[in-house]
Amino acid sequence: MSNDEINRLAAERPDFAAIAAWIPKGASVLDLGCGDGSLLRYLKETRSVKGYGVEINDMDIVSCLVNGVNVIQNDLDSGLSDFEDNAFDFVILSQTLQATRHTEALVKEMLRVGHEGIVSFPNFGHWQNRLHILAGRMPVSRVLPYQWYDTPNVHLCTLHDFEAFSKRCAVNITARSVMMGEREIRFLPNLLGSTAVYRFQRGI
Amino acid sequence: MSDSVGIVTAQCARFDTPLTFRSGAVLPRYELMYETYGELNAARSNAILICHALSGHHHVAGVYADDAKNIGWWDNMVGPGKPIDTNKFFVVGLNNLGGCHGSTGPSSIDPATGQPYGSSFPMVTVEDWVASQARLADLLGIKRFAAVIGGSLGGMQALQWSLAYPERVANVLAIASAPRLTAQNIAFNDVARNAILTDPDFHGGNYYQHGVVPTRGLRLARMLGHITYLSDDVMADKFGRELRDGKYNYGYDVEFQIESYLRYQGDKFAAYFDANTYLLMTKALDYFDPAHLSGGDLNQAFARAQADFLVVSFTTDWRFSPERSREIVQPLLHNRRNVSYAEITSAHGHDSFLMPHAHYFDVVRAYLNNVAKEYAQ
């Protein structure tokens, strides 16, 4: 992959660079709901990871193969039974958390098969979403492009929601990165950030 | 047809170095029929081996000059611009040892006796086939295959390549296959074999000398096999409860269309296939288990593999179900091999792997395009 392509991917998906920053070179990575394999390809090129993706969608399977990344066709909501305990350094759920049905079970599975977990999701607490709700409509934006009736996002949450959920699931958050576009947001992140990225491990 | 490899010629390779089988039996000399499509590149790096399943052979693609109707069994998959692209790859198909399409098998004449081998032909295993295929590769000057590809029993051979000759295969495509058969699958094979073994015309496997063929047994074996290759849905769609005469005749002749279809398939098959070959092929299926000598542990068995893998299954295949394909994927993940797995939604049961299907072909094409970038320059 050329530098141009890497830069293009990083620009399109600001969470990619944030995720890559936490991953050491040569790590083993499982990307759940890996879509067309862009993130895995990005991590392969920039971090030389040994990566596998899990994806259910037929078209995405072909795209992953075109991208030259490993992909296992499976439904995340049926669990990760193909994978052994502690098989990966990192298990990533990039822009997929909000579309999973059994979210709590899946986060637990992530930390069974991986030493660390990384999730990124659209922050429902972002001010634009709040404005939509105030105006009496469900939010539709660049990061949430769906109408309420055709959205795959059944479990949307805010930064505060995810952090409370982590406590409940005995998940120990070790780092957080909140983005608005390519910019990292440090001031009022739950209001000003559109994308949240968390790094976590098993709590004690 | 511009996307066909066109007219092809079968070739015969003779081997005079004895081959010792897993069973301990030795075949002093043998012949393998094979066909090739496309051009071997200067680096000899773009070769693909196609391994056939139970009833397959070396005629994988194209037609013969004197028999334009005899189209290769995987012609929809192999050809110029097709998923296994003969513009990029040098594709080799062969008829396995024990076969009945020209390679040395039970119906061949044993030079030692001047009679057909019959029951004296060694029990052949997937391991033996792969050993003989490696000798064919040597003969063709192929040190390492860019890919070894097979469906069903052919998939087992592709897997075995990665275990027996890890340095000689870069990619393995195992389609509608399994790492080893389940009890149910072996059971189906045993019923099929019993149909042949108990046919009065079988004569302990030496029916050639009696001038007869155990047609009834072979027919039954094929009918049973055929049922297991189709899905319940496809049978229901195609035949349902349709009656040939439109009414019940209250007898044992063909009444339902499915009966007519199965008998036709059985007759057609029994007319050209050798019963001893059928027995050998089903035993090879039953015996295959890479973990047989390592305490049943597939993780350990696949530790030898160095290839990258594409594993493909079909949703309605119940003879080699998606679960069996996952049993291939798991030890590969355990051993950190590069592996991708696609589960194709198809109505056609086990037969799906032979049928044209846009998404299935896209998957194979996408995978092999990357193989071509690496090996077919």
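Residues numbered from 1 in each chain as written. Chains lettered and ligands numbered in written order. Predicted model: local features only at pLDDT ≥ 70, side-chain atom pairs only at ≥ 80, totals over all residues. Heavy atoms only, no water.

Quick look at the overall build of chain B now. The secondary structure content of chain B amounts to 10 helices and 14 strands. Dimensions along the principal axes, computed over C-alpha positions, put chain B at roughly 65 × 50 × 50 Å. Out of the 377 residues belonging to chain B, those deemed buried represent 58%. Residue pairs at least 24 apart in sequence account for 71% of intrachain contacts in chain B once pairs closer than 6 positions are excluded. (Helix = DSSP H or I, 4+ residues; strand = E, 2+ residues; numbered from the N terminus. Buried < 20%, exposed > 50% of the residue type's maximum accessible area, 1.4 Å probe, protein only. Contact = heavy atoms within 4.5 Å.)

Of the regular secondary structure elements, chain A holds 8 helices and 8 strands. At 16 Å, chain A has a C-alpha radius of gyration in line with the 17 Å of a compact globule built from 204 residues. In terms of overall dimensions, chain A has C-alpha extents of about 45 × 40 × 35 Å along its principal axes. For chain A, buried positions account for 52% of its 204 residues. Looking at chain A alone, contacts between residues at least 24 apart form 65% of all its contacts between residues at least 6 apart. Entry remark: accessible area of chain A is about 9500 Å², with carbon and sulfur atoms responsible for 53%. With 20 positive and 24 negative side-chain charges, chain A shows a separation of 7 Å between the mean positions of the two kinds. (Rg over C-alpha atoms; globule rule 2.2 N^0.38 Å. Areas by Shrake-Rupley, 256 points an atom, 1.4 Å probe, with all protein chains shown as cover. Lys, Arg positive; Asp, Glu negative; His and termini not counted. Charge placed at Lys NZ, Arg CZ, Asp CG, Glu CD.)

Residue and element names in this part refer to chain B. All chains considered together, the criterion is met by 1 cavity of 30 Å³ or more. A volume near 40 Å³ is recorded for the largest cavity. Forming the boundary of the largest cavity are Leu-54, Phe-188, Asn-189, Ala-192, Ala-221, Leu-224, Gly-225, Tyr-229, Tyr-278, Thr-282 and Arg-319. Mapped onto the lining of the largest cavity, the elements with two or more residues apiece are helix H3 (183-197), helix H4 (215-229) and helix H7 (275-287). Looking at the lining of the largest cavity element by element, the count peaks at 4 residues for H4. Here the residues of the lining of the largest cavity sort into 7 nonpolar, 3 polar and 1 charged. (1 Å grid on protein atoms, 1.4 Å probe; cavity = no way out; pocket = protein on both sides within 12 Å on 5 of 7 lines; lining within 4 Å. Points joined across faces, edges and corners; volume = space filled by probe spheres on them. Nonpolar A, V, L, I, M, F, W, Y, C, P; charged D, E, K, R; others polar.)

Let's shift gears to the pairing of strand S4 (residues 30-37) of chain B. All names here are of chain B. Counting buried positions along S4 gives 6 out of 8 residues, so the element sits mostly inside the fold. Here 4 bridges tie S4 to strand S8 (residues 90-94), and the two strands are oriented antiparallel to one another. Bridge pairing in S8 places Tyr-34 opposite Leu-94. (Pairing = 2+ DSSP bridges.)

Excluding glycine, residues mostly have negative phi values, and the peptide bonds linking residues are mostly trans. Residue and element names in this part refer to chain B. Backbone geometry places Arg-44, a non-glycine residue, at a positive phi of 55°. Summarising the element assignment, Arg-44 is placed in the loop between S4 and strand S5 (47-51). Note on Arg-44: relative accessible area 41%, which makes it partly exposed. A positive phi angle, near 50°, is found at His-203, a position not held by glycine. In this structure, His-203 sits in the loop between H3 and H4.

Attention now moves to a nonpolar patch on the surface. All names here are of chain A. Taken together, Ile-133, Met-138, Trp-148 and Tyr-149 make up a surface patch of nonpolar side chains, about 510 Å² in accessible area. Tracing the chain through its elements places Ile-133 in helix H6 (residues 127-134). Of the residues examined, Ile-133 reaches a relative accessible area of 41% and is grouped as partly exposed. (Patch = residues over 30% accessible without salt bridge, like charges linked within 9 Å, V, L, I, M, F, W, Y side chains within 5 Å. Salt bridge = Lys/Arg side-chain N within 4 Å of Asp/Glu carboxyl O.)

Here we take up the nonpolar core. A general trend in soluble globular proteins is that nonpolar side chains are found buried together. Ile23(A), Leu32(A), Ile84(B), Ile149(B), Tyr278(B), Tyr360(B) and Leu368(B) are the most contacted members of the largest nonpolar core, which has 171 residues in total. Counting residues per element, this core draws most heavily on helix H10 (residues 358-375) of chain B, which supplies 10 residues. Filtering out sequence-adjacent residues up to four positions away, Leu32(A) remains in contact with Val54(A), Leu76(A), Leu80(A), Val91(A), Ile92(A), Leu93(A), Ser94(A), Thr96(A), Leu106(A) and Met110(A). Counting 8 residues, the second largest nonpolar core, distinct from the first, contains Leu230(B), Met235(B), Ile258(B) and Tyr261(B). (Core = buried A, V, L, I, M, F, W, Y, C linked by side-chain atoms within 4.5 Å.)

Moving on, we come to the interface of chain A and chain B. With 21 residues of chain A in contact, the opposing surface of chain B contributes 22 residues. Across the chain A to chain B interface the summed buried area is about 1800 Å²; carbon plus sulfur atoms make up 47%. For chain A, the biggest contributors to the area lost against chain B are Leu65(A), Gln73(A) and Asp82(A); these three give 32% of the whole. Asp82(A) is paired through a salt bridge with Arg326(B); the nearest N and O atoms lie 2.5 Å apart. (Buried area = accessible area lost by both parts, 1.4 Å probe.)

Right, let's get into the pattern of salt bridges. Enumeration according to the criterion identifies 22 salt bridges over all chains in this entry. Note that Arg193(B) and Asp190(B) form a salt bridge whose closest N and O atoms lie 3.7 Å from each other. Here Arg193(B) pairs with Asp190(B), and both are found in helix H3, just 3 residues apart, close to one helical turn. What makes Asp190(B) partly exposed here is its relative accessible area of 36%. Measuring nitrogen to oxygen at the nearest pair gives 3.3 Å for the salt bridge that ties Asp201(B) to Arg216(B). With Asp201(B) in the loop between H3 and H4 and Arg216(B) in helix H4, this pair connects stretches of sequence that are 15 residues apart. Asp201(B) gets classed as partly exposed once you look at its relative accessible area, which sits at 22%. Owing to a relative accessible area of 48%, Arg216(B) belongs among the partly exposed residues under this scheme. The network of salt bridges with common partners includes Asp82(A), Arg326(B) and Glu343(B).

What follows concerns the confidence of the model for chain B. Overall, the predicted model of chain B reaches an average pLDDT of 97, with 99% of residues at or above 70. This prediction of the complex comes with two scores: 0.96 for pTM and 0.95 for ipTM. (pLDDT = per-residue confidence, 0-100.)

In an α-helix, one full turn covers 3.6 residues, which means residues spaced three or four apart are oriented alike. The terminal C-alpha atoms of helix H9 (residues 322-334) of chain B lie 18 Å apart, and with 13 residues this matches the ideal 18 Å at 1.5 Å per residue to within 8%. Those residues of H9(B) lying buried are Pro322(B), Arg324(B), Ser325(B), Arg326(B), Ile328(B), Val329(B), Pro331(B), Leu332(B) and Leu333(B). (Expected span 1.5 Å × (residues − 1).)

Along the polypeptide, Ser340(B) turns up in strand S14 (residues 339-344). Leaving out residues up to four positions away in the same chain, Ser340(B) has contacts with Leu65(A), Val69(A), Asn70(A), Val71(A), Ile72(A), Phe309(B), Leu310(B) and Val311(B).

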